[in-house]
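# Chain and residue survey
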There are 2 protein chains.
Amino acid sequence: MSGITNTATLEEKGGTMSGRLVAIGGAEDKESDLEILRRVVSLAPEGNQEVAVIATASGIPDEIFPVYEEAFGRLGVERIHRMDVRSREDAREEQHIETVGQCGLIFFTGGDQLRLTNVLGGSPLLEAIRARHEKGAVVAGTSAGAAAMSATMIYNGQAADALRKGAVRMSSGLGFVDGIVIDSHFLERGRFTRLMEVGATNPEYIGVGLGEDAGVIFHPGGIMEAIGSGHVIIVDSREIISSNVAELSEGEPVALEHIIMHALISGHGFDVTQRRYISDMLLSEMTKGAV
Amino acid sequence: MSGITNTATLEEKGGTMSGRLVAIGGAEDKESDLEILRRVVSLAPEGNQEVAVIATASGIPDEIFPVYEEAFGRLGVERIHRMDVRSREDAREEQHIETVGQCGLIFFTGGDQLRLTNVLGGSPLLEAIRARHEKGAVVAGTSAGAAAMSATMIYNGQAADALRKGAVRMSSGLGFVDGIVIDSHFLERGRFTRLMEVGATNPEYIGVGLGEDAGVIFHPGGIMEAIGSGHVIIVDSREIISSNVAELSEGEPVALEHIIMHALISGHGFDVTQRRYISDMLLSEMTKGAV
């Protein structure tokens, strides 16, 4: 659909600016065309074909590692590091920190985002990841690994009950991106109510609902680009006209007047700063020019 | 929450104008406070305490009838008619037509809305229901019985796949209300995508997503009033700025720019004609004055 297969300029790839951030809604294709993972790999600094797969969120890392080894291997990645970081002690280990320091792509698997923040929050390993990201490495995450990327993250809340005060449980995320709240498996699990409640409590934050086999690349200048075969739903609450949320007790139903949504497909985008939908041709122009 | 327990004026109850229409999202409380059913019964013409329960949509009418008999009985309804209309032949039976002609409330159970339209569409029984409704009887329906009320109805479409062209299956409904498309079990089954696709194909129609134990009363003048413990989601597509839906092949993902939603709770409303959210105090004023 989109002409922008590889948007990073040579200057960017040289490593003087932050690498791209990619959030994926879960269940990305790992066996067929690998559209999303291929794109993620293409964003890594030129010449660096090392990937760190961090399975901290997962309860079944031994099942997950081989799947990503196979997928990244098919994409020509030369070295894939199994980062089996399960405790805060692991997150201080010098060897892990060294590994991260040599990778062009750091990839967070799915699982439980609270385990991810609980183990990595404030750790030397997270600091090393941030430093490496600032030097140009791509940081990508799927499912829980995507949800944890924002400064404030959702970690729980049944979608069917979500539009009731306090039903969506939030905490501090890893903070790779600010101004947004990310939710995953969004269409498949009908999570619209979760981002509606989040939007009611603080309309300043853009809700980004990632469908399965769908994701967003965060380009410079607050430009998000949708990738993959699924949908990305943008939930924009800034123009909410009225809501009862401040007057409710916990568990009472939230009323909301005027919340705006967009459904993005691959190649379409959204400008977080301007709060503006970007059609695909426009996006090609904008990301070409981005430095 | 709302002060309007019984809004029908005496003139209305006399029967010279159409009765109220009530659409319920399914799983309405039938055993505890009966909030929605109580309200439905209260809208019937004064002095008429006969209810016809039409279980055509259901595959298990013998299980459903006793539940509604018990519930309506608790609400003081004097006669409850089991309308076991399973075929188009049944829908021509003089006895059923007579029964409907003496009821103050005609209630459609849940089940399969396509069975409902297939059996009742173009039948003498449906004509009799319409005539009775015009004389002031309340027509109410839950789940499939609510979905079938609009002129165009949704009868199928997995929510997870819905935002793909053609995934939402539609057909002609019973046509009690025009200008809207009703969906049920809306929050519980995450059906936002279904009304988004419907909105993309024709932005003229307001999507009304009814949660469980939630419903809307259609008051005169295009005023909808939310009732029950759940949510009613309004999906307003008229201000869509762009969509690719007309250019897609079947199954391709639909992009949508700028769809507006509102979350209504009991006592809040929506003016379909003006496309305006109505807060509860305002609604009390408006329905008090409605004739």
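Residues numbered from 1 in each chain as written. Chains lettered and ligands numbered in written order. Predicted model: local features only at pLDDT ≥ 70, side-chain atom pairs only at ≥ 80, totals over all residues. Heavy atoms only, no water.

Helix and strand content of chain A: nine helices and 16 strands. For 291 residues, the compact-globule formula gives about 19 Å, and the C-alpha radius of gyration of chain A, at 18 Å, lands near that figure. Projecting the C-alpha coordinates of chain A onto the three principal axes gives extents of approximately 55 × 45 × 35 Å. Sequence-distant contacts in chain A: of pairs separated by 6 or more residues, those separated by 24 or more amount to 73%. By element, 45% of the accessible surface of chain A is carried by carbon and sulfur atoms, the whole surface being about 11,100 Å². Between the averaged position of the 25 positive side-chain charges in chain A and that of its 41 negative side-chain charges there is a distance of 1 Å. (Helix = DSSP H or I, 4+ residues; strand = E, 2+ residues; numbered from the N terminus. Rg over C-alpha atoms; globule rule 2.2 N^0.38 Å. Contact = heavy atoms within 4.5 Å. Areas by Shrake-Rupley, 256 points an atom, 1.4 Å probe, with all protein chains shown as cover. Lys, Arg positive; Asp, Glu negative; His and termini not counted. Charge placed at Lys NZ, Arg CZ, Asp CG, Glu CD.)

Here the focus is the sheet that holds strand β2 (residues 50–54) of chain A. Residues and elements named next belong to chain A. Spatially, the nine strands line up as an open sheet ordered β3-β2-β4-β5-β1-β10-β11-β15-β16, and their pairing is mixed. At either margin of the open sheet sits one strand with a lone partner, and together these are β3 (79–83) and β16 (276–278). Mean inter-strand twist for the sheet, computed between neighbouring axes without regard to direction, equals 20°. (Pairing = 2+ DSSP bridges. Axes fitted to C-alpha atoms, helices over the stretch in contact; angles between N-to-C directions.)

Okay, the sheet that holds strand β4 (residues 105–108) of chain B next. All names here are of chain B. The nine strands are arranged β3-β2-β4-β5-β1-β10-β11-β15-β16 in an open sheet whose pairing can be described as mixed. Both outer strands of the open sheet, β3 (79–83) and β16 (276–278), are each paired with one neighbouring strand and no more. Recorded for the sheet is a direction-independent mean angle of 20° between the axes of neighbouring strands. The sheet contact formed by strand β2 (residues 50–54) and β3 spans five bridges and is parallel. Looking at β3, one finds that Val53 is bridged to Arg82. With respect to the sheet, helix α3 (residues 61–74) is in contact with β2, β3, β4 and β5 (138–142), its orientation differing from that of β3 by roughly 160°.

With that out of the way, let us pick up helix α5 (residues 113–120) of chain A. Residues and elements named next belong to chain A. Among the residues making up α5, those that are buried are Gln113, Leu116, Thr117, Val119 and Leu120. Packed against the buried residues of α5 are β4 (105–108), α6 (124–134), α7 (144–147), β6 (152–156) and β7 (169–172). Its side-chain oxygen at 2.8 Å from the backbone nitrogen of Leu114, Asp112 defines the N-terminal cap of α5. (Buried < 20%, exposed > 50% of the residue type's maximum accessible area, 1.4 Å probe, protein only. Polar contact = N/O pair within 3.5 Å; in protein donor to acceptor, adjacent residues only side chain to side chain.)

Note that Thr142 of chain A resides in strand β5 (residues 138–142). Apart from residues no more than four positions distant in its own chain, Thr142 of chain A is found in contact with Ile24, Gly25, Gly26, Ala27, Glu28, Tyr68, Phe107, Phe108, Thr109 and Gly110 of chain A.

Before going further, it helps to examine the interface of chain A and chain B. In this complex, chain A contributes 30 residues to the contact, which on the side of chain B involves 30 residues. Taken together, both faces of the contact between chain A and chain B bury some 2,400 Å²; the carbon and sulfur share is 65%. Its largest share of buried area at the contact with chain B, chain A owes to Phe192, His231 and Met261 of chain A, together 17% of the area lost on that side. Run the count over chain A and chain B and you get zero salt bridges. On the surface where chain A and chain B come into contact, there are 14 residue pairs in polar contact (both at pLDDT 80 or more). By residue number, the principal contributor to the side of chain A that touches chain B is strand β14 (residues 256–264) of chain A, which donates eight residues. Looking at the side of chain A that touches chain B residue by residue, the class counts come to 17 nonpolar, ten polar and three charged. As paired elements, β14 of chain A and strand β14 (residues 256–264) of chain B share five bridges and run antiparallel to each other. Looking at the pairing, Ile260 of chain A lines up with Ile260 of chain B of β14 of chain B. (Buried area = accessible area lost by both parts, 1.4 Å probe. Salt bridge = Lys/Arg side-chain N within 4 Å of Asp/Glu carboxyl O. Nonpolar A, V, L, I, M, F, W, Y, C, P; charged D, E, K, R; others polar.)

Below, the discussion takes up the pattern of salt bridges. Going through the model one piece at a time under the given rule, you end up with 14 salt bridges over all chains. Salt-bridge contacts for Lys30 of chain B lead to Glu28 of chain B; the nearest nitrogen and oxygen are separated by 3.5 Å. A salt bridge links Arg191 of chain B to Asp183 of chain B; the shortest N-O distance between them is 3.6 Å. Here Arg191 of chain B falls in the buried class, since its relative accessible area comes to 13%. The class for Asp183 of chain B is buried, based on a relative accessible area of 2%. One continuous salt-bridge network, built from bridges that share partners, spans Asp183, Arg191 and Arg194 of chain A.

Attention now goes to the side chain of Ser42 of chain A. Residues and elements named next belong to chain A. Structurally, Ser42 is set in helix α2 (residues 35–42). Of the residues examined, Ser42 reaches a relative accessible area of 19% and is grouped as buried. Within polar-contact distance, the side chain of Ser42 engages the backbone oxygen of Arg39 at 2.7 Å.

Below, the discussion takes up the confidence of the model for chain A. Residue and element names in this part refer to chain A. When pLDDT is averaged along chain A, the result is 91; 93% of the residues meet or exceed 70. For the stretch residues 1–16, pLDDT sits under 50, and the model shows 38 contacts to residues farther than four places along the chain or on other chains. For this predicted complex, the interface score ipTM comes out at 0.88, while the overall pTM is 0.90. (pLDDT = per-residue confidence, 0-100.)

Residues and elements named next belong to chain B. Residues of β4 alternate between two faces, with Leu105 and Phe107 on one and Ile106 and Phe108 on the opposite face, all of them buried. Strand direction decides the pairing type here: β2 and β4, joined by four bridges, are parallel. If you follow Val53 over to β4, its bridge partner there is Phe107.

It is worth spelling out the relation of the copies chain A and chain B at this point. Aligned on chain B, chain A shows an RMSD of 0.0 Å; the corresponding rotation is 180° and the shift along the axis is 0.0 Å. Both chain copies can therefore be described as sitting about a two-fold axis. Relative to the rotation axis, the C-alpha of Gly190 of chain A is the closest in chain A, positioned 1.9 Å from it. Looking at the interface residues of chain A, 100% of them are also at the interface in chain B, so both copies use one shared face. (Least-squares fit on C-alpha atoms with pLDDT ≥ 70 in both.)

Right, let's get into helix α2 (residues 35–42) of chain B. The buried fraction of α2 of chain B amounts to six of the eight residues, a majority that puts the element mostly inside the structure. The complete set of buried residues in α2 of chain B reads Ile36, Leu37, Arg39, Val40, Val41 and Ser42 of chain B.

Time to look at the packing of helix α8 (residues 192–201) of chain A against helix α8 (residues 192–201) of chain B. At a closest axis distance of 10 Å, the pairing of α8 of chain A and α8 of chain B adopts a crossing angle of 90°. Taken together, α8 of chain A and α8 of chain B sit at an angle that is classed as roughly perpendicular. Contact with α8 of chain A, carried on its side by Phe192, Thr193 and Met196 of chain A, involves Phe192, Thr193 and Met196 of chain B of α8 of chain B and no other residues of that element. In the contact of α8 of chain A with α8 of chain B, the residues fall into four nonpolar, two polar and no charged. (Parallel < 35°, antiparallel > 145°, perpendicular 65-115°, else oblique.)

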